[in-house]
Amino acid sequence: MSTVTENKPQGSNDPNQMMVPRPLKPWKATPKQLLPDVFGAIGTVIASLILVLVSPLAGILGFILTFIVLSLFIAASISWIRKDRKAAANSVSTIIIYFLAAFVLLPVASIVFEIIRKGAPGLSIGMFFDDMSVTASDAPLSEGGLLHALVGSLYVVALATIVSIPIGLLTALYLTEVKGKASGTVRFFVQAMSGVPSIVAGLFIYAVWMISLGGSYNTAAGSLALAILMIPTVARTAEEVLKLIPTDLREAGLALGATQWKTVALVVIPAARSGLITAVILGTARVAGETAPLLLTVGGNDAMNWNPFSGNNSALPFYVWKNFGLGTETGAERAWTGIFVLMVVVMIFFTIARVLGNKKG
Amino acid sequence: MSTVNPVKSEGPTPREITTEPRFSDRIFRGIVSSGGMISLLVLGLISLFLFYNGLNVFRSEGLSFVTSFEWIAESIENGTEASYGIGAMLYGTLVIGFIGLFFGFPLAVGAALFLSYYAPEWLKKPMVLVVDVMAAIPSIVFGLWGFYVLMPHAEEWAKLINKYFGFIPIFSMPGDFYSRSPFIAGLVLAVMIIPIITSISREVFAQTPLDRIQAAYALGATRWSMIRSVVIPYGKGGVIGGAMLGLGRAIGETVAVYTVLNLVYDIRPEVLLSAGGSVASLIVNKFGEATEPELKALMAAGFVLFMVTLAVNFVANAIINKTVRQG
């Protein structure tokens, strides 16, 4: 076995040079054992190419289907001939699972590719400094911009964050620090709350704000709808983070004579700080792209609206929705450009949450 | 200070020893507890407000609100009387939800198995990242991608299915209308529910006792027989719970479905035909030009949607909590 001979005897080395012995993997297949698999794979590709060329099956779809069927068949026969039926079942299932995993990656790759291909050409510096108030909807993309939507999105998300931070955090503290009688129920309902359809959140705010209180469309109403969707994410992530704080820290605080409130405020929360920030940013990433609740609450606008508490406003998802709904060529282009900007915003939040979350370890 | 008042220099007076929470703690606990109850309150308020607003519609329509197919707003110039029924929409919601599950579930569980037992170390992290990114993609992006990118391909697939399996009633095609069908909406939903099912399944598979896995290997099991005899029996419940969570998400999905589905107020058995339904899409579709009474009917539809998703989520979470989070 090649792996054994590569492992040098340890005593012959310079003692200053720390020699870490390479772990042995005697069960690992040698190149010679892998040979039939390699030939099988190459053979499958060639065979499916030939089959697609000579048979009525056509195109990439035909090739993929033939390739899957052939690879299953060939892998099964190789294992069956060399070993037994169980080995054949094993290699067939392995190939199926590899294909399934590959098919999961496919749509993501396609989405990212299309966003860049269709969204990037419409980008310009000017669009970040202009709104659509004096631009016709069928004007070329060099005119007008999406500043109003960007600012609107910033407003709704910021306000939603301000509302959900205290509620989400208090919920998490209740579940981990107070551990009251109702904590089982609360945890269950928070889980259920993360399944509330976004349109229902929008309808609820509409029913409260517009019907019962007689208000009109504005940014704050939209942010309340988003807060409903954001609270469970913040609460659940924060709970996970607080659970990781060692009980020793809490007990040390209490043993030094601090009250529970001081222990939580001065020991537990500072220790969990980066994790809690991650929780909030994850929530933000979740709601930044929400469309349905905004359709019912912010009203839409083509001009800038700096006042979040009065008057209609737009938001990036709303901008995309509106331009898509026009059904025109330029509308579609604007929608894709809007999606590009929206995805960049969401990914920025997502990356920050990732980096912070990993730093904590 | 100590020179002025020598008595105090002996140190601070001993702390009062008591098990009673201090005043500040009682306030703290009160605030945190009431904050923790807010989510209960919000859920209660949602059902209360939607039910209250839809009450008149529930009264006038009765049970036919969920069984009849027609959605006709009152119109004075046409002389039509209002009739609201979401039966077709409810049916359509379930159909696209199950189509989504049909395609999404094997992919998601396959990916979870791959990540847990097959993937080489270097591939694990990037692939988990991709699945997480998938969960962060907004639904409107899925909607537009489904409309502009997936639909042209999916129509071709639908034609192939119809060509070879057209003799089965659900794949038959009365006309030549393949676009915006429940099949395509289901495909978009399948992609959208993959991340949630994958992450729950991974969580479930991680709970499989390692000694059983090693025992299976020691007895000479191949990787697949180990999965079949250890991982699947242990994780079955949790994975089913994950699938139900995915179904709940599919039922409540609005924007992505609305962009790729043609709403028709009728129950059609053909899934490839351009005619489907979705309660959430109905709300978005009718909301813009709804009159006051129609708006109340939409609230009632929202209430039904809320109750259905809540029930699905309750059951799913109960199953998952039982199998995963308590060991």
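Quick caveat, the model's predicted, so the values are computed rather than measured.

Attention now moves to the overall build of chain B. What chain B contains, in helices and strands, is 12 helices and two strands. Going residue by residue from the N terminus, the α and β elements of chain B occur as α-α-α-β-β-α-α-α-α-α-α-α-α-α. Radius of gyration (C-alpha) of chain B: 27 Å, far over the 20 Å computed for a compact globule of 327 residues. Along the longest, intermediate and shortest principal axes, the C-alpha atoms of chain B span 100 × 70 × 35 Å. Per-residue burial over chain B gives 49% buried out of 327 residues. Within chain B, contacts between residues at least 6 apart in sequence are counted, and of these 72% link residues at least 24 apart. With an accessible surface of roughly 15500 Å², chain B has 63% of that area assigned to carbon and sulfur atoms. Here chain B carries 22 positive and 22 negative side-chain charges, and the mean point of each set is 14 Å from the other.

With 24 residues, helix α3 (residues 59–82) of chain A extends 34 Å from end C-alpha to end C-alpha; this agrees with the ideal 34 Å at 1.5 Å per step. In this structure, the buried residues of α3 of chain A make contact with α2 (31–54) and α4 (85–119) of chain A.

Now for the interface of chain A and chain B. Counting residues at the interface gives 75 residues for chain A and 77 residues for chain B. Summing both partners gives a buried area of about 7100 Å² for chain A against chain B, and 81% of it is carried by carbon and sulfur. Among the salt bridges present, the one from D132 of chain B reaches R354 of chain A, with a minimum N-O distance of 2.1 Å. Linking chain A with chain B are seven residue pairs in polar contact (both at pLDDT 80 or more). Counting residues per element, the side of chain A that touches chain B draws most heavily on α4 of chain A, which supplies 19 residues.

Another point: a nonpolar patch on the surface. On the surface, L34, V38, I42, V45, I46, L49, I50, L51, L53 and V54 of chain A cluster together into a nonpolar patch covering about 900 Å² of accessible area. The exposure class of I50 of chain A is partly exposed, given its relative accessible area of 48%.

With that out of the way, let us pick up the UniProt feature "transmembrane region" (unreviewed entry) in chain B. All names here are of chain B. Feature annotation in UniProt assigns "transmembrane region" (unreviewed entry) to the following positions: residues 31–52, 88–115, 127–150, 183–205 and 297–320. In this annotation, residues 31–52 is assigned 95% helix and 0% strand; the end-to-end C-alpha distance for the span is 30 Å. Along residues 127–150 the backbone is 92% helical and 0% strand, and the end-to-end C-alpha distance reaches 22 Å.

Turning our eyes to something else, we now look at the confidence of the model for chain B. Looking at chain B, the pLDDT average stands at 88 and 94% of residues meet or exceed 70. Our summary of model confidence lists the complex with pTM equal to 0.88 and ipTM equal to 0.88.

So, about the domain arrangement of chain A. All names here are of chain A. You can read the domains of chain A as domain 1 (26–120) and domain 2 (147–360). Using C-alpha coordinates to define each centre, domain 1 is positioned 42 Å away from domain 2. Counting residues at the interface gives six residues for domain 1 and five residues for domain 2. Taking both partners together, domain 1 and domain 2 bury about 510 Å²; carbon and sulfur atoms supply 83% of that area. Applying the counting rule to domain 1 against domain 2 returns zero salt bridges. Across the contact surface, domain 1 and domain 2 share zero residue pairs in polar contact (both at pLDDT 80 or more).

Right, let's get into the packing of helix α4 (residues 87–118) of chain B against helix α9 (residues 223–252) of chain B. All names here are of chain B. One can describe the packing of α4 onto α9 by two numbers: an axis separation of 9 Å at closest approach and a directional angle of 140°. Here α4 is positioned oblique relative to α9, judged by the angle of their axes. The handedness of the crossing between α4 and α9 is right-handed. Together, T93, L94, G97, F98, L101, F105, V109, L113, Y117 and Y118 of α4 and R223, W224, M226, I227, V231, V239, A243, L247, A250 and I251 of α9 make up the contact between the two elements. For the contact of α4 with α9, the per-class residue count stands at 17 nonpolar, two polar and one charged.

Enumeration over the complete set of coordinates arrives at 22 aromatic pairs over all chains. Residues W336 of chain A and Y148 of chain B carry aromatic rings whose centres are separated by 6.0 Å and whose planes lie at 50° to one another, so their mutual orientation is tilted. Placement of W336 of chain A in helix α14 (residues 329–360) and of Y148 of chain B in helix α6 (residues 139–165) is noted, with the two residues assigned to different chains. On the basis of an interplanar angle of 50° and a centroid distance of 6.4 Å, the ring pair of Y117 of chain B and F205 of chain B is categorised as tilted. With a gap of 88 residues between them, Y117 of chain B in helix α4 and F205 of chain B in helix α7 (residues 182–206) connect regions that are remote in the sequence. On the accessibility criterion, F205 of chain B (5% relative accessible area) is buried. Through a chain of ring-to-ring contacts, the aromatic side chains of F324 and W336 of chain A together with F147 and Y148 of chain B assemble into a single cluster.

So, about the UniProt feature "domain: ABC transmembrane type-1" (unreviewed entry) in chain A. Per the UniProt annotation, the sites labelled "domain: ABC transmembrane type-1" (unreviewed entry) are residues 150–353 of chain A. Taken as a whole, residues 150–353 of chain A contains 78% helix and 0% strand, while its terminal C-alpha atoms sit 21 Å from one another.

Take the side chain of E61 of chain B next. You can see E61 of chain B is positioned in helix α2 (residues 38–61). Although buried, E61 of chain B forms no salt bridge, and the nearest oppositely charged side chain, R59 of chain B, lies 13 Å from it.

What counts as what
- Residues numbered from 1 in each chain as written.
- Chains lettered and ligands numbered in written order.
- Predicted model: local features only at pLDDT ≥ 70, side-chain atom pairs only at ≥ 80, totals over all residues.
- Heavy atoms only, no water.
- Helix = DSSP H or I, 4+ residues; strand = E, 2+ residues; numbered from the N terminus.
- Rg over C-alpha atoms; globule rule 2.2 N^0.38 Å.
- Buried < 20%, exposed > 50% of the residue type's maximum accessible area, 1.4 Å probe, protein only.
- Contact = heavy atoms within 4.5 Å.
- Areas by Shrake-Rupley, 256 points an atom, 1.4 Å probe, with all protein chains shown as cover.
- Lys, Arg positive; Asp, Glu negative; His and termini not counted.
- Charge placed at Lys NZ, Arg CZ, Asp CG, Glu CD.
- Expected span 1.5 Å × (residues − 1).
- Buried area = accessible area lost by both parts, 1.4 Å probe.
- Salt bridge = Lys/Arg side-chain N within 4 Å of Asp/Glu carboxyl O.
- Polar contact = N/O pair within 3.5 Å; in protein donor to acceptor, adjacent residues only side chain to side chain.
- Patch = residues over 30% accessible without salt bridge, like charges linked within 9 Å, V, L, I, M, F, W, Y side chains within 5 Å.
- UniProt positions renumbered as here; feature names shortened; annotations may be inferred.
- pLDDT = per-residue confidence, 0-100.
- Domains from an automatic or database assignment.
- Axes fitted to C-alpha atoms, helices over the stretch in contact; angles between N-to-C directions.
- Parallel < 35°, antiparallel > 145°, perpendicular 65-115°, else oblique.
- Left-handed = near helix turned anticlockwise from the far one by under 90°.
- Nonpolar A, V, L, I, M, F, W, Y, C, P; charged D, E, K, R; others polar.
- Phe/Tyr/Trp six-rings, centres within 6.5 Å; stacked < 30°, edge-to-face > 60°.

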